[in-house]
Amino acid sequence: MIYLRPHHGLCIQHFVGEGYSQDFVDNMKSTIQVLENTPNIEITLVPASDNICSSCPNNNQGICLSGQKPEDYDKSCLSLCNLNFGDVIQWKEFKQIVQKNILTQDKLSIVCKGCEWISICQGFYE
Ligand code: SF4
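Attention in this report is confined to the structure presented alongside it. Everything numeric here is computed off the predicted structure, so don't read it as measured data.

Thoughts on the site of the ligand
In the region of the ligand, the neighbouring residues are Arg-5, His-8, Tyr-20, Phe-24, Cys-53, Cys-56, Asn-58, Asn-59, Cys-64, Ser-66 and Pro-70. Taken atom by atom, the bulk of the ligand overlaps the largest pocket. Among the residues making up the shell around the ligand, the classes are represented as 6 nonpolar, 4 polar and 1 charged.

Written out as structure tokens, the structure is:
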């Protein structure tokens, strides 16, 4: 089982090897490898620290030091995807829902407003 904050479904699809630290980047790569190699794997959508946060320097004992922003990204992502915290869903299905309801609708900037990494993600569509 992989635990994911909903907005990380967006981060994962735009990851180019940059991040908060080398540990973060390495963990992101290995998590993505697991998800892409086993697309039927079930993920649980969680409102707090997940597999990605586990190696993040902003993770202070399960509390994100980035404050309200990640929570807002999660809620916006869930709302647009008609999903809820606690939902268990296959990675391939979640990836498709995120693509259909957010990415192809050009709604990335709505979900990720104010994110320091958004220029990288938007670069995918230029
Ligand atoms: S910034 Fe916060 S939400 Fe993002 S990976 Fe780090 S701990 Fe998790």
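Some words on unusual backbone geometry
Of note in this structure, Gln-61 is not a glycine but carries a positive phi near 55°. Mapped onto the elements of the fold, Gln-61 is located in the loop between strand S3 (59–60) and strand S4 (63–64).

Considering helix H3 (residues 68–81)
For H3, with 14 residues, the first-to-last C-alpha span of 20 Å sits near the 20 Å given by 1.5 Å per residue. For H3, the elements touching its buried residues are strand S2 (42–45), S4, helix H4 (91–103) and helix H5 (108–111). One or two steps after H3, the chain reaches Asn-82, where phi turns positive at roughly 55°.

A short note on the pattern of salt bridges
This model, assessed by the stated rule, comprises 2 salt bridges. Note that Asp-74 and Arg-5 form a salt bridge whose closest N and O atoms lie 2.7 Å from each other. On the criterion of sequence distance, the pair formed by Asp-74 in helix H3 and Arg-5 in the loop between strand S1 (2–4) and helix H1 (8–13) is long-range, its members being 69 residues apart. Each member of the pair, Asp-74 as well as Arg-5, is classed as buried. Glu-36 is the partner of Lys-95 in a salt bridge, and the nearest nitrogen-oxygen pair spans 3.2 Å. A residue pair is termed long-range when its members are at least 10 positions apart, and Lys-95 in helix H4 and Glu-36 in helix H2 (residues 22–37) qualify at 59 residues.

Details of the sheet that holds strand S5 (residues 88–90)
The mixed open sheet is built from 3 strands, whose spatial order is S1-S2-S5. If you trace the sheet from one side to the other, it starts and ends with S1 and S5, each paired once. Neighbour-to-neighbour, the strand axes of the sheet open up by a mean angle of 35°, direction not taken into account. With 3 bridges joining them, S2 and S5 adopt antiparallel strand pairing. By the bridge assignment, Thr-44 is partnered in S5 with Val-88. Each of S1, S2 and S5 touches H4; the most contacted strand, S5, lies at about 90° to it.

Here's the deal with the environment of Val-46
With respect to the secondary-structure elements, Val-46 resides in the loop between S2 and S3. Separated by 59 residues in sequence, Val-46 and Gln-105 place their C-alpha atoms 24 Å apart.

Description of the pairing of S2
Bridge count between S1 and S2: 3 bridges; the pairing is parallel. If you follow Tyr-3 over to S2, its bridge partner there is Thr-44.

What counts and how
- Within each chain, residues carry numbers counting from 1 in the order of the written sequence.
- The model is predicted, so local features are restricted to residues of pLDDT at least 70 and side-chain atom pairs to those at 80 or more, both for listing and for counting; the totals for chains, interfaces and linings are taken over all residues.
- Hydrogen atoms and water are omitted, and side-chain values are computed over all heavy atoms in the structure.
- For each residue, the test is whether any non-hydrogen atom lies within 4 Å of the molecule or strand; if one does, the residue is near.
- Every definition here rests on a 1 Å grid over the protein atoms only: cavities are sets of points where a 1.4 Å probe fits but cannot get out, pockets are open sets enclosed by protein on both sides within 12 Å along at least five of seven lines, and lining residues have some atom within 4 Å of a point.
- Pocket or cavity membership: a molecule qualifies when more than half of its atoms sit within 2 Å of the grid points of that site.
- By the convention adopted, Pro, Cys, Tyr, Trp, Phe, Met, Ile, Leu, Val and Ala count as nonpolar, Lys, Arg, Asp and Glu as charged, and the other residues, Gly among them, as polar.
- Labels follow the DSSP assignment, with helices taken as runs of H or I lasting at least four residues and strands as runs of E lasting at least two, numbered in each case from the N terminus.
- The span one expects for a helix is its residue count, reduced by one, times 1.5 Å.
- Note on definitions: a residue-residue contact is assigned when non-hydrogen atoms from the two residues lie within 4.5 Å.
- Any carboxyl oxygen of Asp or Glu within 4 Å of a side-chain nitrogen of Lys or Arg constitutes a salt bridge here.
- Only protein chains enter the accessibility calculation, which uses a 1.4 Å probe; a residue is then buried when its area is under 20% of its type maximum, exposed when over 50%, and partly exposed in between.
- When DSSP locates at least two bridges between a pair of strands, those strands are taken to pair.
- Angles run from 0 to 180 degrees between N-to-C directions of axes, and those axes are lines fitted to C-alpha atoms, restricted for helices to the stretch in contact.

Such coordinate-based values are descriptive only and should not be taken to indicate function.
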